[in-house]
Amino acid sequence: MTMDLLIPDKVHDETRQGEALILEPVGKQNGRKLYIESYGCAMNFSDSEIVASILAEKGFETTSDFNNADVIFINTCSIRENAEVRVRNRLKEFAGAKFRNPGMVVGVLGCMAERLKAKFLEEEKLVDVVVGPDAYRDLPNLIEQVDGGQRAVNVLLSREETYADISPVRLNSNGINAFVSIMRGCDNMCSFCVVPFTRGRERSRDAHSVVAECKDLFDKGYREVTLLGQNVDSYKWSGQLAEGAEPLAVGDEITVVNFANLLEMVALVSPDLRVRFSTSHPKDITDEVLHTIAQYENICNYIHLPVQSGNSRILDIMNRTYDRDWYINRIDAIRRIIPGCAISTDVITGFCTETDEEHNDTVSMMDYVKYDFAYMFKYSERPGTLAAKRYADDIPEEIKQKRLAQIVAKQQEYSFYRMQARIGKVEKVLIEGFSKKSDKDYCGRSDQNAMVIFPVSENYKPGQYVNVLVERTTSATLIGTIVE
Ligand code: SF4
């Protein structure tokens, strides 16, 4: 996964504007105000909720206006060049606020912080503290160091850290759907990807703490959880039942909990709790996982399965560890075991040495799968990755752009085709709130993760499920009316 985690209708979206996050302080207020902004994938947004919780414990309250802040954090993404350019530009916008409040602490968190480490302090004079994704527990101490007049860095990666004992503070939440991280890091070494270097080795979170968090969310009225991981299919946790913890709902004899087991455990929290997950990896997604999805109505029939390329030689130099035939085998298994399952993907065009014929293999893969949705990017060489060390970024920009335009047009065709096929169907929709365009309409997503818009009804409110008859569509939205 290029950490392809589901942010409602966006993944890995460095185009997404940073979002200021609001939280209520938990501990004794220390009167200091925190402003936190997140970029990139859902894992980063989920991490910001962990950061918020750690600082709320220390009595920080928040502000959505960075000019009023005592501490400003940017949780950064490093997946492509322009993600980092955006962060540097954003930092410049904080200069005035810091000039007016010299005691202000400005910090960078996340993948760009981990990639650049102390170099960030040399390159960006405004920055006081640089903290990697595994070092957030150290934040209160690092802020104290800066208060003491020093600049601070902690970019130690961990083989154990999962923040399992920290209950995230839900930020900008609609109180209905929430992210639950189940693992951190990645052991795959896709040659184009920085994630293994910025998020470290893979480690799975204690299954009990995942189920407990989902139960707690359900009790608080949430009706959907998205289980997050760079590669959820390699989730594997083995551990003793914690003192006083409830026995595992499923087969206490299980000593090693794999992803299929964890999915089942979360699905059994309540049939009214919808379960989504991201991201899957073609080499590890098992039929056991697919049968578990098919067995539970509340595990959504939607899978994000990044292909990256449709050509086996390119997949090989991308070090994706599967080839075209294997990927097609997985797609056929999904179609066989979960008929009607929606599938989305990630595609990189213009990877090193990619020929026109090899690019056409990606196009023909899209013709074969007819994805519901896809995230498509031009190859962006990332410093320190295997590809940067081994291969020249030799595809001319105009060729990359031409290939990207071709697959974007192709995908728009298939997204519309998939949406059109829903007309006349009745979708079970979880109401998430009012549509962005009009408060006369509700919005919510179908089981297949399509956004559905329908007139508000006084009989229903956000957090409830309704059946909606689809009457028409756009390429991204289903439009209909509630049917009893
Ligand atoms: S190394 Fe591969 S699997 Fe891991 S996060 Fe990057 S793209 Fe995803």
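Up top is the structure.
Residues numbered from 1 in each chain as written. Predicted model: local features only at pLDDT ≥ 70, side-chain atom pairs only at ≥ 80, totals over all residues. Heavy atoms only, no water.

J.: Explain the sheet that holds strand S19 (residues 373–378) to me, using residue names and the numbers behind them.
T.: Reading across the sheet, the three strands line up as S17-S18-S19 and stay open at both edges, with parallel pairing between neighbours. Looking along the sheet, the strands with just one partner apiece sit at the ends: strand S17 (302–304) and S19. For this sheet the average axis-to-axis angle between neighbouring strands, irrespective of direction, equals 10°. Sheet topology places S17 next to strand S18 (residues 342–349); three bridges connect them, and they run parallel. Its bridge partner being in S18, His304 is matched across the sheet by Ser344. (Pairing = 2+ DSSP bridges. Helix = DSSP H or I, 4+ residues; strand = E, 2+ residues; numbered from the N terminus. Axes fitted to C-alpha atoms, helices over the stretch in contact; angles between N-to-C directions.)

J.: Residues and numbers for unusual backbone geometry, please.
T.: Across the junction of Ser278 and Thr279, the peptide omega takes the value 20°, indicating a cis bond. Relative to the assigned elements, Thr279 resides in the loop between strand S16 (274–278) and helix H10 (287–295). Look at Tyr163: it is not a glycine, yet its phi comes out positive at around 50°. Within the fold, Tyr163 resides in the loop between strand S9 (152–154) and strand S10 (177–181). Of the residues examined, Tyr163 reaches a relative accessible area of 2% and is grouped as buried. Phi at Asn319 is positive, roughly 55°, even though this residue is not glycine. Among the secondary structure elements, Asn319 is positioned in the loop between helix H11 (312–317) and helix H12 (324–337). (Buried < 20%, exposed > 50% of the residue type's maximum accessible area, 1.4 Å probe, protein only.)

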